[in-house]
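# Topology and contacts: notes
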Amino acid sequence: MTARVIDGVKLAATIREGVAARSAALAAHGIKPGLAVVLVGSDPASQVYVRNKVTACEKAGMHSVLEQYPTEMTQEALLARIETLNADPSIHGILVQLPLPKHIDSHRVIEAIAADKDVDGFHISNAGLLMTGTPLFRPCTPYGVMKMLESEQVVLRGAVAVVVGASNIVGKPMAMLLQTAGATVTICNSKTRDLAWHTRHADIVIVATGKPGMVTGDMLKPGAIVIDVGINRGADGKLCGDVDYASAKEVAGAITPVPGGVGPMTIAMLLVNTMEAAERVLARRTTK
Ligand code: NDP
């Protein structure tokens, strides 16, 4: 069996077109959805990510601001910038690119972002809302994965799903969204005994570990849906995922490639979240 390839580039383009149409509709009410992206430091990968996010915003007819600061920026100065952005009515979403330099407490910074502008969905109140089944913002990467599963018409109710990786930004919110949709979910981490036993029982396997090629075809149930969130730079300098694509695609029913899978969806869902934030502003205005 050779797996169907789930094309994240194509699906993301369709989602971005939808966002552009919603942006035009909001313009009729005098609202231009605005995203502020804040980068501290000069990490080359982060610089590429933030530029991609800002460009995607502009292409969708949204307002975007990129604020770049040197590594030495103090935590107080960053918190002050966030406070200003929180109060800025032209900004509906605020994203602080992670990781931050070591002298800055990321938790403190994330908690400083107004919860209704937290388009990454990392604020503790947004994590709580997600956990209790009433999300305001769904974290962009897991949200994108859910859209991919929806586009493939994967039945989640009653499905057995295994999420490999338990980070706050991918694994845990991913598991919450799947569980809310009716799947039976196991979350695995680096201490999991016999990972392959878990993955071999799963209808859906989602991998987000940062360990290149760690899930191989022999760890999968034939026909499983495999979503590879990982983005790693291989020894040859090329991007690769956390799934061994060559072996997995011979066993899986459907699989996401890297690049061209989850990555473009993450950016598309950031636009969706910013749009949702701006639409809520309009809704509040019209109910006053
Ligand atoms: P983290 O390093 O924060 O978390 C990794 C998780 O994987 C941890 O829970 C860790 O377990 C678990 N893990 C590590 N090794 C194993 C193992 N051998 N078996 C089982 N679990 C293991 O990573 P992130 O969640 O931030 O990112 C994961 C990957 O996804 C990275 O490649 C990252 O680049 C990529 N990514 C891609 C995005 C996209 O848009 N496509 C967006 C965000 C991330 P433990 O808890 O025990 O330490």
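Cut-offs applied
- Residues numbered from 1 in each chain as written.
- Predicted model: local features only at pLDDT ≥ 70, side-chain atom pairs only at ≥ 80, totals over all residues.
- Heavy atoms only, no water.
- Patch = residues over 30% accessible without salt bridge, like charges linked within 9 Å, V, L, I, M, F, W, Y side chains within 5 Å.
- Areas by Shrake-Rupley, 256 points an atom, 1.4 Å probe, with all protein chains shown as cover.
- Salt bridge = Lys/Arg side-chain N within 4 Å of Asp/Glu carboxyl O.
- Helix = DSSP H or I, 4+ residues; strand = E, 2+ residues; numbered from the N terminus.
- Buried < 20%, exposed > 50% of the residue type's maximum accessible area, 1.4 Å probe, protein only.
- Phe/Tyr/Trp six-rings, centres within 6.5 Å; stacked < 30°, edge-to-face > 60°.
- Lys NZ or Arg CZ within 6 Å of the ring centre and 35° of its normal.
- Axes fitted to C-alpha atoms, helices over the stretch in contact; angles between N-to-C directions.
- Parallel < 35°, antiparallel > 145°, perpendicular 65-115°, else oblique.
- Left-handed = near helix turned anticlockwise from the far one by under 90°.
- Contact = heavy atoms within 4.5 Å.
- Pairing = 2+ DSSP bridges.
- Near = heavy atom within 4 Å.
- Polar contact = N/O pair within 3.5 Å; in protein donor to acceptor, adjacent residues only side chain to side chain.
- Nonpolar A, V, L, I, M, F, W, Y, C, P; charged D, E, K, R; others polar.
- Domains from an automatic or database assignment.

So, about a nonpolar patch on the surface. Taken together, the side chains of Tyr49, Ile231 and Leu239 present a nonpolar region at the surface, about 240 Å² in accessible area. The residue Tyr49 is located in helix α2 (residues 44-59) in this model. What makes Tyr49 partly exposed here is its relative accessible area of 35%.

With that settled, consider the packing of aromatic side chains. For the structure shown, the criterion picks out zero aromatic pairs. When the ring centre of Tyr143 is taken as reference, the NZ or CZ atom of Arg138 above it lies at 5.2 Å. Positioned over the ring face of Phe137 is Arg280, at 4.7 Å from the centre of the ring.

Quick look at the packing of α2 against helix α10 (residues 262-287) now. Two elements in contact, α2 and α10, have axes whose closest approach is 10 Å; the angle formed by their N-to-C orientations is 55°. In terms of orientation, α2 lies oblique with respect to α10. Relative to α10, α2 is oriented so that their crossing is right-handed. Across the interface between the two elements, Asn52, Lys53, Ala56 and Cys57 of α2 pack against Ile267, Leu270 and Leu271 of α10.

Note: strands within a sheet are paired through backbone hydrogen bonds, in either parallel or antiparallel orientation. Spatially, β3-β2-β4 is the arrangement adopted by the three strands of the open sheet, whose pairing is parallel. Strand pairing shows two members of the sheet lacking a second neighbour, β3 (63-69) and β4 (93-96), which therefore form its edges. Adjacent strand axes in the sheet meet at a mean angle of 15°, parallel and antiparallel pairs treated alike. As paired elements, strand β2 (residues 34-40) and β4 share four bridges and run parallel to each other. By the bridge assignment, Ala36 is partnered in β4 with Ile94.

This part is about the site of the ligand. Every one of the 23 residues lining the ligand counts as a neighbour, but Ala166, Ser167, Ser190, Lys191 and Thr266 are closest to it. Between the ligand and the protein, one listed contact pairs an oxygen atom with a backbone N or O atom of Ala166 at 2.8 Å. Within the backbone of Ile231, a nitrogen or oxygen atom sits 3.1 Å from an oxygen atom of the ligand. Relative to its unbound accessible area of 930 Å², the ligand is 70% covered by the protein chains. For the shell around the ligand, the element with the most residues is α10, which contributes three residues. Residue composition of the shell around the ligand, by class: nine nonpolar, eleven polar and three charged.

Our next topic: the pattern of salt bridges. Tallied over the full model, the rule gives eight salt bridges. Close ionic contact of Glu150 with Lys147 constitutes a salt bridge, the shortest N to O distance being 3.7 Å. Of this pair, Glu150 and Lys147 are both found in helix α6 (residues 140-151), three residues apart, which corresponds to roughly one turn of the helix. You can call Glu150 exposed: its relative accessible area is 53%.

Taken domain by domain, the protein chain consists of domain 1 (30-116) and domain 2 (140-263). Spacing between the C-alpha centres of domain 1 and domain 2 amounts to 28 Å.

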